[in-house]
Amino acid sequence: MRGRAAEWSAVLDLLAAAQDGRSGVLLVEGEPGIGKSLLLREATRTARARGVLSVTVGAPELDRMPLVESLLSALGEDVIADGEGPSAEQDRHMWRVERIRAGLDERAGAGPVLVSLDDLQLVTPTALATLRAWTSQLAGRPVAWLLARSTVKEGKAAGRLFGLLEYDGVRQITLPPLDDDALTRIVIDMLGAVPDPRLAALAGQSGGNPYLLTALIAGLRGENGIQIRDGSARLVAAGLPRRSQAAARHLLDRLSPRTRHLLTVTAVLARSFSPDAAAAVLGTTPTAIVPQLDEALSAGVLAVAGEELAFRHGLLWQAVTDAVPVPIRKALHQQIGEVLFDRGGPATAAAAHLMQGARTGDPRGLAELDRLVDDILPVSPQTAVDIALRVVRLTGPAEPARTDRTLTAVRTLIEAGRLDEAAAFTESALTRPMTAAAHARLCCLRSEILHMQGRSAEAAVDAATILAEPGLPDRLRDAAELALLNAQVAARDGTLARRHAQAIVEAADEHGDALVTGAFITLALAAWDTDDLAEGLRLAREAVSRAASIDAWCLHPRMILAMLLTDVRRLDEASSVMASAGDDIKVRGRLVWAAAPAVLRARLHLAAGRFDDAIAEAEAGLAATSGSGPHVLMSSALAVLAVAALRSGGPNTAQRYVDRVRPGLSQYGSPHAEARFALVTSQIAMARDGAGAVATAFAELCEQVPEHSWALVSDPTAAAWLVRTALALDDRVRAESVVGASERLARENPGFPSVAAAAEHARGLLDGDECALDRASLDHADPWARASAAEDLGALAASRGTGSRQSAITSLDQALAGYDGIGAAWDAARVRRRLRRLGVRRRHWTQGDRPVSGWGSLTDTESRIAELVAQGLTNRQVADQLFISVHTTAFHLRHIFRKLEIGSRFELARRVMEENRQRTPSNAHLGAATPVSTHLPGHVRGSHGSEAE
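Worth saying up front: this structure is predicted, and the values here are computed from it rather than measured.

Before we go on, may I ask you to explain helix H10 (residues 210–222) in this structure?
An α-helix turns once per 3.6 residues; consequently, residues spaced three or four apart project the same way. If you check H10, its first and last C-alpha atoms are 18 Å apart, about what 13 residues at 1.5 Å a residue would give, namely 18 Å. Elements that come into contact with the buried residues of H10 comprise helix H8 (180–191), helix H9 (197–204), strand S7 (226–229), strand S8 (232–235), helix H11 (242–252) and helix H15 (314–323). Structurally, the start of H10 carries an N-cap: the backbone nitrogen of Tyr211 is 3.1 Å from a side-chain oxygen of Asn209. Positive phi shows up at Asn224, right after H10, with a value of about 55°.

Following this line, the structure appears as structure tokens:
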């Protein structure tokens with residue numbers, strides 16, 4: 001009776017009316033197993049306890065004899081045998097009907113009577129009409145009628161009776177499925193223990209049907225599928241107990257054979273399905289199966305789920321599926337997969353069935369799966385991997401197709417970003433016998449895996465070994481050349497890669513476009529490393545142009561071009577190129593590179609001074625590589641995280657990001673990305689512990705600058721920091737070396753203002769040249785770099801005595817405004833300290849200062865996301881509108897929920913509506929709220945420069 005308080009109250013009202021001398025009728029209906037019989041049994045027990053005479057007829061009686069005879073028997077009246085009483089059958093029937101009426105009338109004269117009739121869907125229409133007549137004839141007597149029926153197709157006559165009685169004013173209740181609380185209480189009642197989450201979830205699959213639930217729990221306990229310890233019941237069984245399957249069969253036995261057949265096939269098809277798909281699998285039309293679907297719906301086995309039908313009870317669906325013998329189930333899966341594939345529906349759905357239907361050595365079934373891998377890979381790489389691996393397992397070791405399927409499996413693992421699995425699978429495959437060509441192809445793929453894991457030296461060895469093999473086909477040789485080229489680019493010495501790439505370009509007619517595109521990328525990176533920036537951009541654009549017409553997207557020349565453009569602060573063009581690079585990944589499904597757009601966007605946000613967005617994108621990039629093992633993009637993402645955290649929250653905040661890195665994990669990637677990470681870790685250490693703490697690391701960084709000036713190009717403040725640190729260490733020789741390298745870079749690349757400003761900044765620090773620092777503070781394209789140059793100018797002026805005091809204050813105010821404008825809280829606090837030493841106090845009037853919770857705590861990006869989500873947009877739609885990744889959208893949304901102390905999109909929509917109502921027309925034009933003076937040093941602020949404006 002758990003969860004039946006309202007229904008039980010109606011029963012008690014019925015009994016109370018009879019005890020008061022009034023008649024009454026209560027109609028009870030519901031799906032099979034929902035608890036109608038239990039309700040009637042409890043009503044009979046309670047009636048007898050109150051001295052109410054009970055007359056009960058249930059399914060066992062109705063199975064043996066008709067309703068009239070069953071009632072006569074329940075009243076203790078003898079049923080007239082043949083040859084007794086009235087001679088005509090009609091007369092005998094009327095005599096029995098009158099005997100029942102008279103018997104009830106006689107008993108009601110002595111006291112109240114409860115007539116409890118169950119399973120009226122089994123009763124004939126004539127008997128039901130007679131039942132209605134009895135309720136009318138005995139309306140003046142204290143007779144309580146409790147009538148129950150199951151909502152199945154065979155009970156239409158009972159349905160009409162219930163409808164007529166309800167029309168007459170009779171109360172009707174429908175027993176609903178039990179809620180989760182009632183289900184849990186029933187489990188506790190049966191086990192004397194609290195179910196663990198797995199058992200509670202399985203109980204929830206009963207769909208609130210107590211018959212299925214009690215059969216499940218009793219069966220699990222009887223088959224030792226539940227372990228009870230310390231008041232907790234833990235599910236240990238893997239499948240459904242036999243008792244659950246028997247209960248399911250009992251419920252389905254009431255349905256017609258054709259409906260049971262339909263349910264068996266559709267259960268194998270899916271828990272939810274469309275009628276047209278079911279008809280197609282059955283080889284008929286939707287019209288033809290409407291009667292069976294209607295019967296299943298009426299019985300509560302199926303329910304409407306949007307535009308599809310679904311099994312209402314997960315337990316029933318699973319029991320039906322499990323009851324199908326494995327050979328038949330496999331055959332059904334195979335047929336369903338072929339039908340779905342031929343119908344042109346989602347390839348993933350067809351693949352799921354074909355995988356389950358495939359058998360070892362089944363050439364037709366496995367060939368179908370081979371065909372599906374390439375179709376599914378762009379839209380669902382993970383499903384493609386599952387198919388490819390299953391096909392390999394079902395292919396015998398000696399079968400000719402085994403090698404090609406193994407190679408396909410490795411390729412799909414790579415493209416799905418499952419690098420660790422790909423590496424392990426490849427190593428295992430290489431131990432098996434295969435042809436020399438197949439071995440070379442597999443080694444080529446292994447080289448690609450090693451390269452993406454940052455193991456460039458091992459990747460180069462693999463590729464070189466392949467190229468040493470004589471008689472390689474041109475396509476395979478090109479693939480090996482490309483693998484070697486990629487490995488050489490990632491190596492510490494780029495000279496070999498540059499020569500290799502130049503040779504490929506000079507013999508372009510002898511190679512495929514994919515290899516030539518890779519060679520142009522290599523030359524672009526080499527030009528960048530040798531300070532020829534214009535040539536680097538030209539070569540990168542050439543690579544993009546060539547890749548537009550070939551399937552060389554895996555090289556991602558657009559991302560390389562976007563990276564170079566970001567380095568020299570051509571941010572608008574970089575954003576445009578990055579958008580197309582991201583589309584390549586999204587459309588083609590190369591998940592192993594899925595982190596690249598997020599990491600590149602993080603670098604762009606960092607360059608524009610949008611630190612919150614930079615952190616969000618970098619976190620999203622790391623999340624995207626989490627399933628890939630160590631990855632070539634990790635050091636780049638970590639460098640962005642550390643720099644953004646250092647500038648917005650200070651060295652302690654930044655150190656927390658660095659501390660998250662496992663030892664050696666940052667050493668996966670290009671030497672340039674690793675140099676950037678090493679630079680920022682040194683900057684953090686110096687900010688925390690002073691110049692002496694970074695002496696060794698600083699020396700190593702400076703030694704790399706003359707030969708590899710990549711760090712000077714990608715970070716316009718790197719040269720200034722190196723010079724500042726060298727002077728703090730009293731190492732003028734190294735300071736001069738850095739300035740020389742920076743000025744040479746600017747001299748050789750006159751068309752790049754960011755490079756020229758960085759050289760001016762470094763020279764100004766070395767020589768104490770206020771004019772050079774002033775020019776740098778105006779010319780830097782990077783907002784943080786402008787503020788940094790202004791701070792250096794102010795510090796220099798302050799160090800020269802009182803005569804330059806006003807000049808120092810002016811420059812420091814300029815630096816403070818620049819830092820505050822982008823939310824560089826830690827740097828702004830340092831400048832305020834410098835100003836206080838000059839006797840000037842500045843308040844914290846910044847757009848970046850925000851409370852820690854509530855609507856005012858949201859950053860501009862978070863506010864925009866909140867507005868779009870409140871309009872009903874999905875995370876994907878929000879990401880497309882704001883040019884961010886889905887991972888980043890989810891990252892921001894989690895922060896929004898935390899700051900607003902909410903837990904759902906519905907609550908967010910309500911909060912947005914409330915905020916919009918509070919904006920009156922008089923202040924709507926003001927935009928963001930007026931900044932409030934706060935004092936929160938070290939708080940990570942979310943101001944985003946021009947976007948905040």
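So that's the structure; there's more coming.
Before we go on, may I ask you to explain empty space enclosed by the protein in this structure?
On inspection of all chains with the given rule, the structure shows five cavities of 30 Å³ or more. Approximately 260 Å³ is the volume attributed to the largest cavity. At the level of secondary structure, the elements contributing two or more residues to the lining of the largest cavity comprise helix H30 (595–607), helix H32 (634–649), helix H34 (671–689) and helix H36 (710–714). When residues in the lining of the largest cavity are grouped by element, the largest group, five residues, is from H32. When its residues are assigned to classes, the lining of the largest cavity shows eight nonpolar, four polar and six charged.

Would you mind going over the sheet that holds strand S6 (residues 194–195) with me for this structure?
Strands in a sheet are paired, the pairing made by backbone hydrogen bonds, and the direction either parallel or antiparallel. Spatial strand order, S6-S8-S7: three strands in an open sheet with mixed pairing. In this open sheet, the two strands that pair with only one neighbour each are S6 and S7. Of the strand pairs in this sheet, S7 and S8 are connected by four bridges, and their pairing is antiparallel. For Gln227, the partnering residue across the bridge sits in S8 and is Arg234. Those strands touched by H9 are S6, S7 and S8, and its axis lies near 70° from that of S8.

How do you make sense of the environment of Ser70 when you look at a structure like this?
Counting through the fold element by element, Ser70 comes out in helix H4 (residues 67–74). Between the C-alpha atoms of Ser70 and Pro60, which are ten residues apart in sequence, the distance is 9.8 Å. Sequence-distant contacts of Ser70, defined by excluding residues within four places in its chain, comprise Val57, Glu61, Leu62 and Met65.

Please explain the environment of Ile466 as it appears in this structure.
Along the chain, the position of Ile466 falls in helix H23 (residues 456–467). For Ile466 and Cys444, which are 22 residues apart along the polypeptide, the C-alpha to C-alpha distance reads 7.2 Å. Residues in contact with Ile466, not counting those within four places in the same chain, are Ala440, Cys443, Cys444, Leu472 and Ala480.

Please clarify how the side chain of His892 should be interpreted in this entry.
You can see His892 is positioned in helix H46 (residues 886–900). For His892, a relative accessible area of 3% gives the class buried. Those residues in contact with His892 that sit more than four places away from it in its chain are Asp612, Asp613, Ala616, Thr861, Glu862 and Ile865.

Sorry if this is basic, but what is going on with the pattern of salt bridges here?
Pairing between side chains of opposite charge can happen when the charged atoms of each approach one another. Counted under the stated rule, the structure contains 36 salt bridges. Across the pair Arg546 and Glu542 runs a salt bridge, and its minimum N-O distance is 3.2 Å. Of this pair, Arg546 and Glu542 are both found in helix H27 (residues 533–547), four residues apart, which corresponds to roughly one turn of the helix. Here the salt bridges do not stand alone but share partners, grouping Arg732, Glu736, Glu743, Arg763 and Asp767 into one network.

Can you help me understand the sheet that holds strand S1 (residues 24–30) in this one?
Spatially, S2-S3-S4-S1-S5 is the arrangement adopted by the five strands of the open sheet, whose pairing is parallel. In the strand order of this sheet, the two ends are held by strand S2 (53–57) and strand S5 (171–174), each with one partner. Across the sheet, the axes of successive neighbouring strands diverge by a mean angle of 15°, strand direction being ignored. In terms of strand pairing, S2 meets strand S3 (residues 113–117) through five bridges, oriented parallel. Note on S3: the bridge partner recorded for Val55 is Val115. Contacts between H4 and the sheet are confined to S2 and S3, with S2 contributing the most and set at about 145° to the helix. Relative to strand S4 (residues 143–150), helix H6 (residues 125–137) is tilted by about 155°, and along the sheet it contacts S1, S3 and S4.

Where do I start with the packing of aromatic side chains in this structure?
Think of a pair of aromatic rings as described by two things: how far the centres are apart, and how the planes are tilted against each other in angle. Tallying each qualifying case throughout the model produces one aromatic pair. Plain terms: the ring middles of Trp784 and Tyr819 are 5.9 Å apart, the flat faces sit at 50° to each other, and that makes the pair tilted. With Trp784 in helix H41 (residues 783–799) and Tyr819 in helix H42 (residues 805–822), this pair connects stretches of sequence that are 35 residues apart. Tyr819 carries the same exposure label as Trp784, and that label is buried. When the ring centre of Trp784 is taken as origin, the NZ or CZ atom of Arg647, which lies over that ring, is 3.9 Å away. Of note, Arg830 hangs over the ring of Trp826, and the distance from its end group to the ring centre comes to 5.2 Å.

Definitions and cut-offs
Residues numbered from 1 in each chain as written. Predicted model: local features only at pLDDT ≥ 70, side-chain atom pairs only at ≥ 80, totals over all residues. Heavy atoms only, no water. Helix = DSSP H or I, 4+ residues; strand = E, 2+ residues; numbered from the N terminus. Expected span 1.5 Å × (residues − 1). Contact = heavy atoms within 4.5 Å. Polar contact = N/O pair within 3.5 Å; in protein donor to acceptor, adjacent residues only side chain to side chain. 1 Å grid on protein atoms, 1.4 Å probe; cavity = no way out; pocket = protein on both sides within 12 Å on 5 of 7 lines; lining within 4 Å. Points joined across faces, edges and corners; volume = space filled by probe spheres on them. Nonpolar A, V, L, I, M, F, W, Y, C, P; charged D, E, K, R; others polar. Pairing = 2+ DSSP bridges. Axes fitted to C-alpha atoms, helices over the stretch in contact; angles between N-to-C directions. Buried < 20%, exposed > 50% of the residue type's maximum accessible area, 1.4 Å probe, protein only. Salt bridge = Lys/Arg side-chain N within 4 Å of Asp/Glu carboxyl O. Phe/Tyr/Trp six-rings, centres within 6.5 Å; stacked < 30°, edge-to-face > 60°. Lys NZ or Arg CZ within 6 Å of the ring centre and 35° of its normal.

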